[in-house]
Amino acid sequence: MDLTGSFREQGRVDTLLGHIRREAAGEYIFMEVCGGHTTAIQSYGIPGMLPHGIRLISGPGCPVCVTSQTFIDHAIALTGMPDVTVATFGDLVKVPGSESSLEREKAGGADVRVVYSVNEAISLAEKNRERKVVFLAVGFETTAPGTAAGVLDAAKRGIRNFFLLSAHKIMPPAMRAVVTGGTHVNGFICPGHVSAITGSGIYRFLPDDFGVGCVISGFEPLDILQSVLMLIRQVNLKRPGVEVQYTRAVKPEGNRKAVSIMNQVFRVSDDWWRGFGVLAGSGLRLREGYENIDAEKVFPAFAEKNIDEGDCICGEILRGTSTPGECPLFGKACNPGNPAGACMVSSEGACNVYFKYRNPHDTAYHKKY
Ligand code: SF4
């Protein structure tokens, strides 16, 4: 394993691994709830470095993966409405709805544009005043403040043909659902970018109510190994807590300005998550006063119910009860070129990441991780 650079320095990696090997005593299951961590863990081959008793499992940390079919169906319905342009992140276009996908609709002539930010969608609206540009807002606390800032900016600049369909979500209710839903987890590797916005207090319920500790981690190999070691120590000492490993980016109080902008534009609502169903207080919808840009209200569409997803076990993977290799379609009928479920579509989806960095046919590996 060639790990170079200050956060990948082999000597420091070896030192941390030495501590982990000496201090690990028994079985530990740690869940990462950030697609960025899933990618880092698999791309650096971290599971293979750890003692056999330590399992790292993926959780509900990929925003595209947890987005409902109903949302995709609504977005597809928008493409059939007069003068509507749908602006979306690239990952979302391949996610299957109940009967089609945005990619398929685009191929059939629908006006679907891939953008990299809400600002790009606003520019699109500004340049095409005759079109109604609907931005599909997906993501956790990391991206919601940026969307909110875009909404305020569009309003300030008098851009009246910009609309928002929000599937923004917040992370703590899903983590609560993991621990109350029966998934055995000894600790969480908490998302660094979400925590940079929210601060560390949002995870306090994990040790207080459930006796499960967590560490907010960075994304480099040394960050992740250090976080694993911190979790092992919490478990061994029976002292679950909320610790911040990623201190260079995360302050306990978070980014108050970003949270304030987010709260100015969005209110908390119930929302549906793949793998969990409806979770109370887990979504972000536009507040009163923004009805004129709220695509849910301006362009209501008959939404299909979330239908049976066949053999796809993406929901179980998001709950941490199965691994990608346990899906009968993994690496066969389902692969990044032909995804059968949302977890294979997104570059941060567990199935996509495992396919990219691991032998998709290595079932022994997938049973462990
Ligand atoms: S491999 Fe494909 S079909 Fe199987 S769980 Fe993952 S996304 Fe779903």
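Figured I'd write up the structure that's included with this text. None of the values given here were measured: they were computed from a predicted structure.

Cut-offs used in this document
- Residues numbered from 1 in each chain as written.
- Predicted model: local features only at pLDDT ≥ 70, side-chain atom pairs only at ≥ 80, totals over all residues.
- Buried ≥ 20, exposed ≤ 12 C-beta atoms within 10 Å, placed from the backbone.
- Helix = DSSP H or I, 4+ residues; strand = E, 2+ residues; numbered from the N terminus.
- Pairing = 2+ DSSP bridges.
- Near = placed C-beta within 6 Å.
- Nonpolar A, V, L, I, M, F, W, Y, C, P; charged D, E, K, R; others polar.
- Expected span 1.5 Å × (residues − 1).
- Axes fitted to C-alpha atoms, helices over the stretch in contact; angles between N-to-C directions.
- Parallel < 35°, antiparallel > 145°, perpendicular 65-115°, else oblique.
- Left-handed = near helix turned anticlockwise from the far one by under 90°.
- Contact = placed C-beta atoms within 7 Å.

## With respect to the pairing of strand S1 (residues 28–32)
And step 1. With four of five residues buried, S1 is to be regarded as a mostly interior element.
And step 2. As defined by bridge partners, S1 adjoins strand S2 (residues 54–58) across five bridges and the pair is classed as parallel. The residue of S2 that forms the bridge with Phe30 is Leu56.
And step 3. Pairing between S1 and strand S7 (residues 187–190): three bridges, direction parallel. Bridge pairing in S7 places Met31 opposite Phe188.

## Points about the site of the ligand
And step 1. Close contacts around the ligand come from 14 residues, with Cys312, Cys327, Cys334, Gly341 and Cys351 the closest.
And step 2. Of all the secondary-structure elements, those providing two or more residues to the shell around the ligand are helix H15 (314–319) and helix H16 (342–345).
And step 3. Residue classes in the shell around the ligand are distributed as 13 nonpolar, one polar and no charged.

## Some remarks on helix H12 (residues 221–236)
Along an α-helix, residues three or four apart share an orientation, since each turn contains 3.6 residues.
And step 1. The terminal C-alpha atoms of H12, which comprises 16 residues, lie 22 Å apart, in line with the 22 Å expected from a rise of 1.5 Å per residue.
And step 2. Within H12, twelve of the 16 residues are buried, leaving the element largely enclosed by the surrounding structure.
And step 3. Phi turns positive one or two residues past the end of H12, at Lys238, with a value near 55°.

## Describing the sheet that holds strand S6 (residues 162–166)
And step 1. The parallel open sheet is built from four strands, whose spatial order is S4-S3-S5-S6. If you trace the sheet from one side to the other, it starts and ends with strand S4 (112–114) and S6, each paired once. Taken pair by pair, the neighbouring strands of this sheet meet at an average axis angle of 25°, ignoring direction.
And step 2. Bridge count between strand S3 (residues 84–88) and strand S5 (residues 132–137): four bridges; the pairing is parallel.

## A word on the packing of helix H1 (residues 10–23) against H12
And step 1. One can describe the packing of H1 onto H12 by two numbers: an axis separation of 10 Å at closest approach and a directional angle of 20°. What the angle tells us is that H1 and H12 run roughly parallel. Considering how the two elements wind past one another, H1 and H12 form a crossing that is left-handed. Of the residues in H12, those touching H1 at Arg12, Val13, Leu16, Leu17, His19, Ile20 and Glu23 are Pro221, Leu222, Leu225, Gln226, Val228, Leu229, Ile232, Arg233 and Asn236.
And step 2. Residue composition of the contact of H1 with H12, by class: ten nonpolar, three polar and three charged.

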